[in-house]
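# What the coordinates show
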Amino acid sequence: MILTVTLNAALDVTYQVPRLRPGEVHRVAGVHERPGGKGVNVARVLHGLNEPVLATGLVGGGTGAAIRTLLGEIRHSFVDIAGISRRTTVVVDGSSTTGFWEPGPEVSGPEWESFVAHYAALLRISRVVVLSGSLPPGLPVDAYARLIELARSVEVPVVLDASGEPLAAGVAAGPDIVKPNAHELAIMSGMAVGAFEAGAVELVEAEAVAAADAVRDGGRTAVVASLGPHGLVASTGDGRWHARPAAALTGNPTGAGDAAVAALAFGLAYRVPWPQRLADAVGLSGAAVLNPVAGTISQTDYARLRRAADVREV
Ligand SMILES: O=P(O)(O)OC[C@@]1(O)O[C@H](CO)[C@@H](O)[C@@H]1O
């Protein structure tokens, strides 16, 4: 099975309002609650594809209990902490998506050690591990690096999707795939933030591929960067690709990166060739954008967008 790790699990709340106006009172037209945090979203997408998956991480308090309950049929095995799991709130108004991310609960040293022991046991029954999302307060910056080293010591391949210092420390530990977004790719490669977000597609592609190459630096870690409407660029030991959706999509992009990570983890587990793996990622992330609730996809949208994806070796 594929193991997903969410150290800062969240209760994701999506508010739908006709129009978001800062400074005004809003009557909320619709409220959706889902268990979230990036790894949980990855688990939900894989479960929807009938892929055996187990979600683990840290949860606590009433929100932690709600996360467990709302996971429903998705297999999970979280470690309890004394702190209260966070909520993230997304306000969707038809033309924009605005997010409010709580920092998450403080995690103590003994709680972290008990998670590491739990994770080491779960690795024995995992074929791939996905490490995703922010670290809650109290965890060391090298938390992902330690989990990657443990996975590598028992030859379980790793996909890492994080940001900031935990990402940099994690990449140094040599995961099999890292999935930065455009912002993180710019920071890691030393390029200007925003470099891959506007301009002619050829220019975006050339700069993003150069940045992904710089992050890979000839090493073992394949770099697959998500560039929003420009799709994904991949720099791998087997070649480089740019995978794009056939047309720009509008909707809720929250969770689209997680859907792409689900495709990358699946591809790693079954050694799916890169062009097919990237077409899967474009299809799943596009399907996530089209769904108003973060981390949920329609199989019909996925199949259609996957077929239409444009994957080119560069
Ligand atoms: O704070 P993080 O862990 O980086 O991001 C958390 C989060 O906003 O990302 C997901 C969408 O990708 C949401 O389900 C989730 O709550």
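Residues numbered from 1 in each chain as written. Predicted model: local features only at pLDDT ≥ 70, side-chain atom pairs only at ≥ 80, totals over all residues. Heavy atoms only, no water.

### Regarding the pairing of strand β9 (residues 158-161)
Consecutive side chains of a regular strand alternate in pointing toward one face of the sheet and then the other. Basically, it comes down to this: Accessibility here uses a 1.4 Å probe with only protein chains present; expressed as a share of the type maximum, an area under 20% marks a residue as buried, one over 50% as exposed, and anything in between as partly exposed. Only runs of H or I of at least four residues qualify as helices and only runs of E of at least two qualify as strands under DSSP, and these elements are numbered from the N terminus. Being paired, for any two strands, means DSSP has found at least two bridges between them. Whether a crossover is right-handed comes down to one check: with the strands pointing away from the viewer, does the path from the first strand over the helix to the second run clockwise; if it does, it is right-handed.
Side chains of β9 alternate between two faces, with V158 and L160 and V159 and D161 buried alike. Here 4 bridges tie strand β8 (residues 128-132) to β9, and the two strands are oriented parallel to one another. By the bridge assignment for β9, V130 is matched with V159. Between β8 and its parallel partner β9, the chain crosses via helix α4 (residues 143-153), and the hand of that crossover is right-handed. Alignment of β9 against strand β10 (residues 177-178), held across 2 bridges, turns out to be parallel. Along β10, the bridge assignment pairs L160 with V178. You can see the chain leave β9, run along helix α5 (residues 164-172) and come back into β10, and the turn it takes is right-handed.

### Digging into unusual backbone geometry
Backbone geometry places D217, a non-glycine residue, at a positive phi of 55°. Mapped onto the secondary structure, D217 falls in the loop between α7 (201-216) and β11 (222-226). For D217, a relative accessible area of 66% corresponds to the exposed category. Despite not being glycine, R271 shows a phi value in the positive range, around 50°. Summarising the element assignment, R271 is placed in the loop between α8 (256-270) and α9 (274-290). Judged by its relative accessible area of 73%, R271 falls in the exposed class.

### Overview of the site of the ligand
We apply this condition: It suffices for a single heavy atom of a residue to lie within 4 Å of a molecule or strand for the residue to be listed as near it. Distance and chemistry together define a polar contact, namely a pair of N or O atoms within 3.5 Å, with one atom able to donate a hydrogen and the other to accept it when in protein, and with adjacent residues in sequence counting only for side-chain atoms on both sides. Every accessible area reported is derived by Shrake-Rupley at a probe size of 1.4 Å, with residue values counting cover from the shown protein chains alone. Here a cavity denotes grid points, spaced 1 Å and computed from the protein atoms alone, that fit a 1.4 Å probe unable to get out, and a pocket denotes an open set having protein on both sides within 12 Å along at least 5 of 7 lines; residues with an atom within 4 Å of a point are the lining. Each molecule is assigned to a cavity or pocket provided more than half of its atoms lie within 2 Å of the corresponding grid points. In this classification, Asp, Glu, Lys and Arg are treated as charged, Ala, Val, Leu, Ile, Met, Phe, Trp, Tyr, Cys and Pro as nonpolar, and every other residue, Gly included, as polar.
Neighbouring the ligand are 13 residues; D12, N41, W101, S134 and D258 lie closest to it. One of the backbone N or O atoms of G37 is found 3.4 Å from an oxygen atom in the ligand. Compared with its free state, where it exposes 400 Å², the ligand has 91% of that area covered by protein. Judged by the fraction of its atoms near the pocket grid, the ligand is located in the largest pocket. Taken together, the elements giving at least two residues each to the shell around the ligand come down to β2 (10-16), α1 (38-48) and β6 (86-92). Across the shell around the ligand, the residue classes tally to 2 nonpolar, 7 polar and 4 charged.

The values reported here are purely geometric and, on their own, carry no functional implication.
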